[in-house]
Amino acid sequence: MQRPPRKRPLAPQRVHPVLYRTLDSLSVPAVVQGRRTDVLAANRLAHALYTDFEARPRRERNFARFVFLDEAARALYADWERVAGDCLAMLRLYAGRHPDDPQLTELIGELSLHSDAFRRMWADHHVVAHTTGTKRLRHPLVGDLTLDYLVLAVEGDPEQTLTIYTPEPASPSAEALALLASWTGTSASRPQASEETHHRAG
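Residues numbered from 1 in each chain as written. Predicted model: local features only at pLDDT ≥ 70, side-chain atom pairs only at ≥ 80, totals over all residues. Heavy atoms only, no water.

This part is about the overall build of the protein. When its secondary structure is counted, the protein shows 8 helices and 5 strands. With 202 residues in all, the protein has 47% of them scored as buried. Restricting the contact set of the protein to residue pairs at least 6 apart, pairs at least 24 apart contribute 62%. (Helix = DSSP H or I, 4+ residues; strand = E, 2+ residues; numbered from the N terminus. Buried < 20%, exposed > 50% of the residue type's maximum accessible area, 1.4 Å probe, protein only. Contact = heavy atoms within 4.5 Å.)

Moving on, we come to a nonpolar patch on the surface. Nonpolar side chains collect at one region of the surface, where L93, V127 and V128 lie side by side and expose about 230 Å² of accessible area between them. By the secondary structure assignment, V127 is in the loop between α7 (116–122) and β3 (132–139). (Patch = residues over 30% accessible without salt bridge, like charges linked within 9 Å, V, L, I, M, F, W, Y side chains within 5 Å. Areas by Shrake-Rupley, 256 points an atom, 1.4 Å probe, with all protein chains shown as cover. Salt bridge = Lys/Arg side-chain N within 4 Å of Asp/Glu carboxyl O.)

Apart from glycine, the bulk of residues carry a negative phi angle, and the bulk of peptide bonds sit in the trans form. Backbone geometry places R36, a non-glycine residue, at a positive phi of 60 degrees. Relative to the elements of secondary structure, R36 occurs in the loop between β1 (30–33) and β2 (39–42). Non-glycine residue A170 carries a positive phi angle of around 60 degrees. Within the fold, A170 resides in the loop between β5 (157–166) and α8 (172–183).

Moving on, we get to the sheet that holds β5. Strand order in the open sheet made by the 5 strands is β2-β1-β5-β4-β3, with antiparallel pairing throughout. Edge positions in the sheet fall to β2 and β3, since each has one partner strand and no second. Put simply, the sheet's adjacent strands are angled 25 degrees from each other on average, direction ignored. Two elements, β3 and strand β4 (residues 143–154), share 8 bridges in a ladder whose sense is antiparallel. Of the residues in β4, the one forming a bridge with G133 is Y149. Each of β3 and β4 is contacted by α8, which is oriented at about 85 degrees to β4, the strand it contacts most. (Pairing = 2+ DSSP bridges. Axes fitted to C-alpha atoms, helices over the stretch in contact; angles between N-to-C directions.)

Our next topic: the side chain of S171. Following the sequence through the fold, S171 ends up in the loop between β5 and α8. A residue is classified by how much of its surface remains accessible, and S171, at 10% relative accessible area, is buried. Among the polar contacts made by the side chain of S171, one reaches the main-chain carbonyl oxygen of E168 at a distance of 2.5 Å. (Polar contact = N/O pair within 3.5 Å; in protein donor to acceptor, adjacent residues only side chain to side chain.)

Helix length check: helix α6 (residues 102–114), at 13 residues, gives a terminal C-alpha distance of 19 Å against a target of 18 Å (1.5 Å per residue), a fit within 8%. Inspection of α6 places L104, L107, I108, E110 and L111 among the buried residues, and these make up the whole buried set. Burial along α6 is one-sided: seen end-on, the buried residues are contained in an arc of 160 degrees. Where α6 begins, the capping side chain belongs to D101, and its oxygen is found 3.0 Å from the backbone nitrogen of Q103. (Expected span 1.5 Å × (residues − 1). Arc of directions from axis to C-beta.)

Another aspect to go through is the nonpolar core. Counting residues in each nonpolar core, the largest one holds 56 residues, and the members touching the most others are Y50, F63, F66, V67, F68, Y77 and W80. The greatest single-element share of this core, amounting to 8 residues, is contributed by helix α5 (residues 80–97). What W80 contacts, discounting residues up to four positions off in sequence, is V67, F68, A73, R74, A117 and M121. (Core = buried A, V, L, I, M, F, W, Y, C linked by side-chain atoms within 4.5 Å.)

See below:
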């Protein structure tokens, strides 16, 4: 009996230099996500807000792994269940487009093995992903933050998105975000993305 052909990983995704400059120009947190919720790039304020993805091994630079496997995420998100559900919905949408992606199979297996919440939510078949919304966070350095987010498609790669997080002007969240920028050595007017460490991802 002939064996089925082995599934090949998809070609690595690349972040366009213009997109890095866009990240650098933003005074608010911004993240570029790719396939399987992989974090392809982020500015420094986004790293300070969530976690330093650059310090993690490449395969762990992934929002789903962060949300479901990192205890810091449960402490960070005031509405963790909703955030986790949104993250899982993005994975389901991606799975519908690339059911044979071996890296997706590996990710789902890992999350299923180590997260009871993921197993429960994955069985619910939730597939609605949001392009706008609000995140409520309890940051360990600056306290409560309420940030609106907008998800934008990246021209040239339909499987890349740019997510931008903004506080209401002159709000306590805006003040907290400015404080976070100052405490983490990030310019409030020009946080920086690292092109060197994110020039390619699977």
